Amino acid sequence: MIDTRTAPYAALVLRVSLGLLFLAHAGLKYFVFTPAGTAGFFQSLGLPGALAYVTILAEVIGALLLISGLFARYVSLALLPILLGAIIFVHAQNGWLFSNENGGWEFPAFWALALIVQSLLGGGAYALSFDGGRITLQQEPAA
């Protein structure tokens, strides 16, 4: 049975964690690999280089929306293609375990499932919501 008193906080913790992961990965692509280097990597996979810039932007915007809780259900689903692409184009051939050389698909698969869970849970406690043209803060639930 779901504990309705703590479930909103679970959604909050998951939402912020997912957002921070996406910020970290966008930062890695931007500051370490550089956007041009990331574009080159995408091209080496047979993908358009421009998709790297779109991916970095989606990760940053998606991360900020997740952390704030704004449109958390939809943002979680919108970010799924990034992880599915990482599995299909980068990690699938490396095997299951992420500790394998070049990382397996275990972690991106778990991350994708966590996004699906977030979309089912919603924003949770302390999430911003857009209602009637106004942005409001979802306060903690009554005990």
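Residues numbered from 1 in each chain as written. Predicted model: local features only at pLDDT ≥ 70, side-chain atom pairs only at ≥ 80, totals over all residues. Heavy atoms only, no water.

## Let's talk about the packing of aromatic side chains
Thinking step 1. One pass over the full model with this rule turns up six aromatic pairs.
Thinking step 2. Each ring, one from F22 and one from W111, has its centre 4.6 Å from the other, and the planes form 45°; the classification is tilted. Of this pair, F22 sits in helix 1 (residues 7-32) while W111 sits in helix 5 (residues 106-121), and the two are 89 residues apart along the sequence.
Thinking step 3. Under the relative-accessibility criterion, F22 is labelled buried at 0%.
Thinking step 4. Residue class for W111 comes out buried when judged on its relative accessible area of 4%.
Thinking step 5. Centroid distance F71 to F130: 6.1 Å. Interplanar angle 50°. Geometry classified as tilted. (Phe/Tyr/Trp six-rings, centres within 6.5 Å; stacked < 30°, edge-to-face > 60°. Helix = DSSP H or I, 4+ residues; strand = E, 2+ residues; numbered from the N terminus. Buried < 20%, exposed > 50% of the residue type's maximum accessible area, 1.4 Å probe, protein only.)

## Quick look at the pairing of strand 2 (residues 134-138)
Thinking step 1. As paired strands, strand 1 (residues 127-131) and strand 2 are joined by five bridges and run antiparallel to one another. Within the sheet, the bridge partner assigned to F130 lies in strand 2 and is I135.
Thinking step 2. Between strand 1 and strand 2, which follow one another and run antiparallel, lie two residues, and G132 among them has a positive phi close to 60°. (Pairing = 2+ DSSP bridges.)

## A closer look at the nonpolar core
Thinking step 1. Residues L18, F22, L66, L79, L83, W111 and L115 are the most contacted members of the largest nonpolar core, which totals 14 residues.
Thinking step 2. Every element with two or more residues in this core is listed here: helix 1, helix 3 (50-68), helix 4 (72-91) and helix 5.
Thinking step 3. If you tally residues by element for this core, the top one is helix 4, at six residues.
Thinking step 4. Residue contacts for L83: discarding those within four places in its chain leaves F22, P108, W111, A112 and L115. (Core = buried A, V, L, I, M, F, W, Y, C linked by side-chain atoms within 4.5 Å. Contact = heavy atoms within 4.5 Å.)

## Digging into the environment of L65
Thinking step 1. As for its position among the elements, L65 is in helix 3.
Thinking step 2. For L65, a relative accessible area of 23% translates into the label partly exposed.
Thinking step 3. Taking the C-alpha atoms as reference points, L65 and L20, 45 residues apart in sequence, are found 11 Å from one another.
Thinking step 4. Excluding residues that lie within four positions of it along the chain, L65 makes contacts with L70 and V75.

## So, the packing of helix 2 (residues 35-44) against helix 3
The relative placement of two packed helices comes down to the angle between their axes together with the axis-to-axis distance.
Thinking step 1. In contact at an axis separation of 7 Å, helix 2 and helix 3 are set at 120° when each is read in the N-to-C sense. Comparing the axis directions of helix 2 and helix 3 gives the class oblique. Crossing angle aside, the handedness with which helix 2 passes helix 3 is right-handed. Residue-level inspection shows P35, A36, T38, A39 and F42 of helix 2 in contact with helix 3, the latter providing L51, A52, Y53, T55 and I56. (Axes fitted to C-alpha atoms, helices over the stretch in contact; angles between N-to-C directions. Parallel < 35°, antiparallel > 145°, perpendicular 65-115°, else oblique. Left-handed = near helix turned anticlockwise from the far one by under 90°.)

## Thoughts on the environment of E59
Thinking step 1. Topologically, E59 is positioned in helix 3.
Thinking step 2. You can call E59 buried: its relative accessible area is 2%.
Thinking step 3. Considering only alpha carbons, one finds E59 and N94, 35 residues apart in sequence, at a separation of 23 Å.
Thinking step 4. The residues touching E59, leaving out its near neighbours within four places in the chain, are F22, H25, A26, K29 and I82.
Thinking step 5. For E59, the side chain forms a polar contact with the side chain of K29, separated by 3.0 Å. (Polar contact = N/O pair within 3.5 Å; in protein donor to acceptor, adjacent residues only side chain to side chain.)

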